[in-house]
Amino acid sequence: MPAKDIFHDTVRLALEKDGWFITDDPLYIKVGGTEMYIDLTAEKLIAAQKADRKIAVEIKSFLRESEMTEFHLSLGQFLNNRLAMKQKLPELILYLAIPTDTYDTLFQRQFIQDAVEEYKLKLLVFDASKQEIVLWKD
């Protein structure tokens, strides 16, 4: 099993504070002979719709020396996880969880914004110090 990201517990707590029930920590998927782990899955009952919303969350700290290397690795992992989920768990929606400082700097660059749009990345932006979700970007 892979090591947890430094912000793993922070994001888990932020989701729980936001009314989410954690269902897997981590989620194990085996598809096409390949084993994968996704950091968290959660669900939330949406009363108005009387249905559950189910998500998977891949947490990234972006603390490496090279932000672009971290972005490339995160994007590749996100796309591979999304493909595996499409094949095995299509009801789950995958989000990339990133800290606010990363969103406010790296993710404001035009190239990164173009990549987010091109690859249809869904973002969950969290405030690490407050342990709160500040933005859902679909």
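Small disclaimer: the values here were computed from a predicted structure and weren't measured. (Residues numbered from 1 in each chain as written. Predicted model: local features only at pLDDT ≥ 70, side-chain atom pairs only at ≥ 80, totals over all residues. Heavy atoms only, no water.)

Colleague: I'm lost on the pattern of salt bridges in this one. Help?
Modeller: Pairs can form between side chains of opposite charge once their charged atoms are near each other. The final tally for this structure, using the stated rule, is six salt bridges. Arg-64 is paired through a salt bridge with Glu-70; the nearest N and O atoms lie 2.7 Å apart. In this structure, the salt-bridge partner of Glu-67 is Arg-109, at a minimum N-O distance of 2.9 Å. Placement of the pair is Glu-67 in helix α2 (residues 67-88) and Arg-109 in the loop between α3 (100-104) and α4 (110-118), with a sequence separation of 42 residues. According to the relative accessible area criterion, Glu-67 is partly exposed, its value standing at 28%. Overall, Arg-109 belongs to the partly exposed group, its relative accessible area being 39%. A network of salt bridges, in which partner residues are shared, links Arg-12, Glu-16 and Asp-25. (Salt bridge = Lys/Arg side-chain N within 4 Å of Asp/Glu carboxyl O. Helix = DSSP H or I, 4+ residues; strand = E, 2+ residues; numbered from the N terminus. Buried < 20%, exposed > 50% of the residue type's maximum accessible area, 1.4 Å probe, protein only.)

Colleague: Which parts of the structure should I look at to understand α4?
Modeller: Note: α-helices contain 3.6 residues per turn, so residues at a spacing of three or four share the same orientation. Looking at α4, one finds that the buried residues are Ile-112, Ala-115 and Val-116. Down the axis of α4, the buried side of the element spans an arc of 100°, and every buried residue falls inside it. Along α4, exposed side chains directed more than 90 degrees from the buried face belong to Gln-110, Phe-111, Glu-117 and Glu-118. Against the buried residues of α4 lie α2. Positive phi shows up at Lys-120, right after α4, with a value of about 55°. (Arc of directions from axis to C-beta. Contact = heavy atoms within 4.5 Å.)

Colleague: I'm lost on the pairing of strand β7 (residues 123-127) in this one. Help?
Modeller: On a regular strand, one side chain projects to one face of the sheet and the next to the other, so that they alternate. Counting buried residues in β7 gives five out of five residues, a clear majority hidden from the surface. Both faces of β7 are covered, namely the face carrying Leu-123, Val-125 and Asp-127 and the face carrying Leu-124 and Phe-126. In terms of strand pairing, β7 meets strand β8 (residues 132-137) through five bridges, oriented antiparallel. Bridge assignment links Leu-124 to a residue of β8, and that residue is Trp-136. Once β7 ends, the chain turns through four residues before running back antiparallel as β8, passing Gln-131 with a positive phi of about 55°. (Pairing = 2+ DSSP bridges.)

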